[in-house]
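The chain contents come next:
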Amino acid sequence: MRNTPWQLFRFGFVYLNAIPTGFLISPILWNSAYLGWASILVGYAMSLILLWFTIKVGLWDPHKPWLDFGSQLVSKWIHFPIVFLVMVWAINYIGMDIEGFTLFFDTNYMRETPQWFVLLIVGMVVTITARWGLETMIYISDGLFIVIVIAIVFMNMFFFKEAHFDMAIAMVRHHNYGSTMKDALFCLSFFAEWIVFLFLAPYLKFDRRSFRNLAAAGLLVTIGMLLQWASTLLNFGPYLGRELQYPLVELMRAASGFLGNSDPLMIGLWSSSMFLHSAFLIHISARCLAKLFQLNHMDGPLIAIIGGTAIVIAYQYSQNPIRFMGDFNSFGMAVFFILMEFIPIFYWIASLFRRRGHKHKPRQKPRQKQKPA
Amino acid sequence: MLALLFLAYALVEWFIAKNKVKAPREKWTMLVLIVAFTIWNLFALYFHEWLTPNHLIIWLFGWLDRL
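No experiment lies behind these values; they were computed from the predicted model shown. Numbers given for residues are sequential positions, taken from 1 along each chain in its written order. Chains carry letters and ligands carry numbers; both start at the beginning, A for chains and 1 for ligands, and go up in the order they are written. Selection of residues for local features in this predicted model requires a pLDDT of at least 70, selection of side-chain atom pairs for listing and counting requires 80 or more, and totals for whole chains, interfaces and linings are taken over all residues. As a rule here, side-chain values come from all non-hydrogen atoms in the structure, and water together with hydrogens is ignored.

A closer look at the overall build of chain B
Item 1. Assigned secondary structure in chain B consists of three helices and zero strands.
Item 2. Strands are runs of DSSP state E lasting at least 2 residues, helices are runs of H or I lasting at least 4, and numbering of each runs from the N terminus. Counting helices and strands in the order they occur from the N terminus, chain B gives α-α-α.
Item 3. For this measure, only C-alpha atoms enter the radius of gyration; the expected value for a globule follows 2.2 Å times N^0.38, where N is the number of residues. The C-alpha radius of gyration computed for chain B amounts to 17 Å, which surpasses the reference 11 Å derived for 67 residues by more than 25%, pointing to a less compact arrangement than a globule.
Item 4. Taking the principal axes of the C-alpha coordinates as reference, chain B spans close to 55 × 25 × 15 Å.
Item 5. Surface summary for chain B: the accessible area is close to 4,400 Å², and the carbon and sulfur share equals 76%.
Item 6. Charge convention: Lys and Arg are scored as positive, Asp and Glu as negative, and His as well as the terminal groups of each chain are ignored. By convention, charge coordinates are those of NZ in Lys, CZ in Arg, CG in Asp, or CD in Glu. Counting 6 positive and 4 negative side-chain charges, chain B places the averaged centre of each group 17 Å from the other. Each accessible area is a Shrake-Rupley result for a 1.4 Å probe, and residues are judged covered by the shown protein chains and nothing else.

What follows is the structure in structure tokens.
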């Protein structure tokens, strides 16, 4: 695979941008309202701490995925249950992704279509994307990156045109710090999914620039979120804004001219990053399951059963959408996610007591050919 | 229906993959996994109160919402 220095940055951005764009704004408007900017920034700052530990773990052996060298750090008996936990987390996350996306599509565009059908189509797309392999996903993210960034910039340019900037003063005059800290943890659960990048090796290897690349990806997602949160707040205010399930879609529909008709284009872009997010999670759970059962050549069937299970989980959630949304936005769920994101810290502590198994030899200089006498 | 569709897809993938694999352990482990996941999925589809991961997570961490 051809590697370029900023590939990790682009992949990280497309992966991390998917869920917050769709599902983070309303909960922040509910709790921290005008202080949402502080929650987002503090959430990002805290995520950098977890990123540092993740990079340290990844650098322990940059040529192998964490899945393979983790047992050398904490022993097989601890590593395998953690791998199982990551697998369950990933499969459930795919189920929540698919149901969240289906709920959005079903309520906005395909009201008459049975939900199981939309679930099936979305699930198939995600599974087939995962079947193409990680290399293809990385290349897809390369292409998607620039289009998504341009779309965010243009979208916000239009959104801020009709914003009520007189509301902006409330962003510094409100002092509801209790809710802000709780929301910062909520944002952290979205921004700090760094553990998934430990599965990128050997396609994308960690090196000394990885922290910079992933931190920059997180920063770009944070800026995008700040802009989208601010545009929602300054257009709708905190009370109407938080009642809207998908405020960005409402903003686009309320806009006049080009943007008013461009929601399918924007939704298409967001869908692509959602699909990539879920496809990468399928790849992760398939790798975990393969590791647990020592299956080295069964990627196809593993992806198929994991995709199917995620769709069934999404179907279960679709039976009670109110409960699903309540669970998805609950603080308990955020804490569970944060605990999963803390796993690299545990491995980093273990790595302090373990010596690296092997050192990579420096590349030898090629010998100069001696001229014949 | 959803579970059976993915059972069929997984079996097709398994048939393709098993020709490339020499170790019988790997073939049969994969088949057992396909059957186990399908049984779980069938129960999940037809029993409304079947456990979901979210139920478990909220059961364990839901008390934090009251803080």
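Brief notes about the side chain of Gln-228 of chain A
Item 1. Along the polypeptide, Gln-228 of chain A turns up in helix H10 (residues 210-243).
Item 2. Note on contacts: a residue pair qualifies if any of its non-hydrogen atoms lie within 4.5 Å across the two residues. Each residue touching Gln-228 of chain A, except ones within four places of it in the same chain, is listed here: Thr-21, Ile-25, Ile-152, Met-155, Asn-156 and Leu-248 of chain A.

Describing the pattern of salt bridges
All names here are of chain A.
Item 1. Each reported salt bridge corresponds to a side-chain nitrogen of Lys or Arg within 4 Å of a carboxyl oxygen of Asp or Glu. Per the counting criterion, the structure on display carries five salt bridges over all chains.
Item 2. A salt bridge links Asp-142 to Arg-10; the shortest N-O distance between them is 2.9 Å. With Asp-142 in helix H7 (residues 134-159) and Arg-10 in helix H1 (residues 7-23), this pair connects stretches of sequence that are 132 residues apart.
Item 3. The cut-offs for exposure are 20% and 50% of the maximum accessible area for each residue type, with area from a 1.4 Å probe on protein chains only; residues under the lower value are buried, those over the upper are exposed, and the others partly exposed. Looking at Arg-10, the relative accessible area reads 19%, which means it is buried.
Item 4. Here Lys-291 makes a salt bridge to Asp-68, at a shortest N to O gap of 3.5 Å. Of the two residues, Lys-291 sits in helix H12 (residues 263-292) while Asp-68 sits in helix H4 (residues 66-74), which places them 223 residues apart along the sequence.
Item 5. Overall, Lys-291 belongs to the buried group, its relative accessible area being 18%.

Brief notes about the packing of aromatic side chains
Residues and elements named next belong to chain A.
Item 1. Put simply, two rings from Phe, Tyr or Trp (the six-membered ring, in Trp's case) pair if the centres are within 6.5 Å, and we call them stacked under 30 degrees between planes, edge-to-face over 60, tilted for the rest. Enumeration over the complete set of coordinates arrives at 42 aromatic pairs over all chains.
Item 2. Both rings, one in Trp-89 and one in Tyr-93, keep their centres 5.5 Å apart while their planes meet at 50°; by these two values the pair is tilted. Linking Trp-89 with Tyr-93, this pair stays in helix H5 (residues 76-108), spanning four residues, or about one helical turn.
Item 3. Residue Trp-89 is classed as buried on the basis of its relative accessible area of 3%.
Item 4. Given the relative accessible area of 2%, Tyr-93 is considered buried.

Brief notes about the nonpolar core
All names here are of chain A.
Item 1. For the purposes of this section, nonpolar cores are sets of buried Ala, Val, Leu, Ile, Met, Phe, Trp, Tyr and Cys residues that join through side-chain atoms within 4.5 Å. In terms of nonpolar packing, the biggest core is built from 157 residues, with Trp-66, Val-86, Trp-89 and Phe-197 touching the most fellow members.
Item 2. No other element matches the 17 residues that H12 contributes to this core.
Item 3. In contact with Trp-66, other than residues within four places in its own chain, are Val-57, His-79, Ile-82, Val-83, Val-86, Leu-198, Phe-199, Ile-343 and Tyr-347.

Some thoughts on the interface of chain B and chain A
Item 1. Counting residues at the interface gives 34 residues for chain B and 40 residues for chain A.
Item 2. If you sort the residues of chain B by the area they bury against chain A, Leu-2, Phe-6 and Asn-54 of chain B come out on top, with a joint share of 18%.
Item 3. The interface formed by chain B and chain A holds one salt bridge in total.
Item 4. Side-chain atoms alone can form a polar contact between residues adjacent in sequence; in general such a contact is a pair of N or O atoms within 3.5 Å, and within protein one must be able to donate a hydrogen while the other accepts it. Linking chain B with chain A are twelve residue pairs in polar contact (both at pLDDT 80 or more).
Item 5. Mapped by element, the contributors of at least two residues to the side of chain B that touches chain A are helix H1 (2-18), helix H2 (24-46) and helix H3 (53-61) of chain B.
Item 6. Ranked by residues supplied to the side of chain B that touches chain A, first place goes to H2 of chain B with eleven residues.
Item 7. Three residue categories are used. Nonpolar comprises Ala, Val, Leu, Ile, Met, Phe, Trp, Tyr, Cys and Pro, charged comprises Asp, Glu, Lys and Arg, and polar comprises the others, including Gly. In terms of residue class, the side of chain B that touches chain A is built from 22 nonpolar, six polar and six charged. Using a 1.4 Å probe, buried area is obtained as the accessible area two parts lose upon being combined, added over both of them.

A closer look at empty space enclosed by the protein
Residue and element names in this part refer to chain A.
Item 1. A cavity, in this analysis, means grid points on a 1 Å lattice covering only the protein atoms where a 1.4 Å probe fits yet has no way out; a pocket is instead an open set bounded by protein on both sides within 12 Å along at least five of seven lines, and a residue lines either one if it has an atom within 4 Å of a point. Grid points are joined across faces, edges and corners, and a volume is the space filled by probe spheres set on the points. Under the criterion given, the structure shown has three cavities of 30 Å³ or more.
Item 2. The volume enclosed by the largest cavity comes to roughly 90 Å³.
Item 3. Forming the walls of the largest cavity are Ile-19, Tyr-93, Met-96, Phe-186, Ser-189, Phe-190, Glu-193, Phe-328, Ser-330, Met-333, Ala-334 and Phe-337.
Item 4. Of all the elements in the fold, those that place two or more residues in the lining of the largest cavity are H5, helix H9 (177-191) and helix H15 (331-341).
Item 5. Its residues assigned to classes, the lining of the largest cavity shows nine nonpolar, two polar and one charged.

Topic: the packing of helix H6 (residues 115-132) of chain A against H7 of chain A
Residues and elements named next belong to chain A.
Item 1. Axis geometry follows a simple rule: fit a line to the C-alpha atoms, using only the stretch in contact for helices, then measure angles between N-to-C directions, giving values from 0 to 180 degrees. Relative to each other, H6 and H7 sit at 110°, their axes nearing to 5 Å. The angle between H6 and H7 places the two elements in the roughly perpendicular class. On the side of H6, the interface is formed by Thr-129, Ala-130 and Trp-132, while H7 contributes Thr-136, Met-137 and Ile-140.
Item 2. Here the residues of the contact of H6 with H7 sort into four nonpolar, two polar and no charged. Any angle that is under 35 degrees is reported as roughly parallel, and any over 145 degrees as roughly antiparallel; angles of 65 to 115 degrees are reported as roughly perpendicular and all others as oblique.

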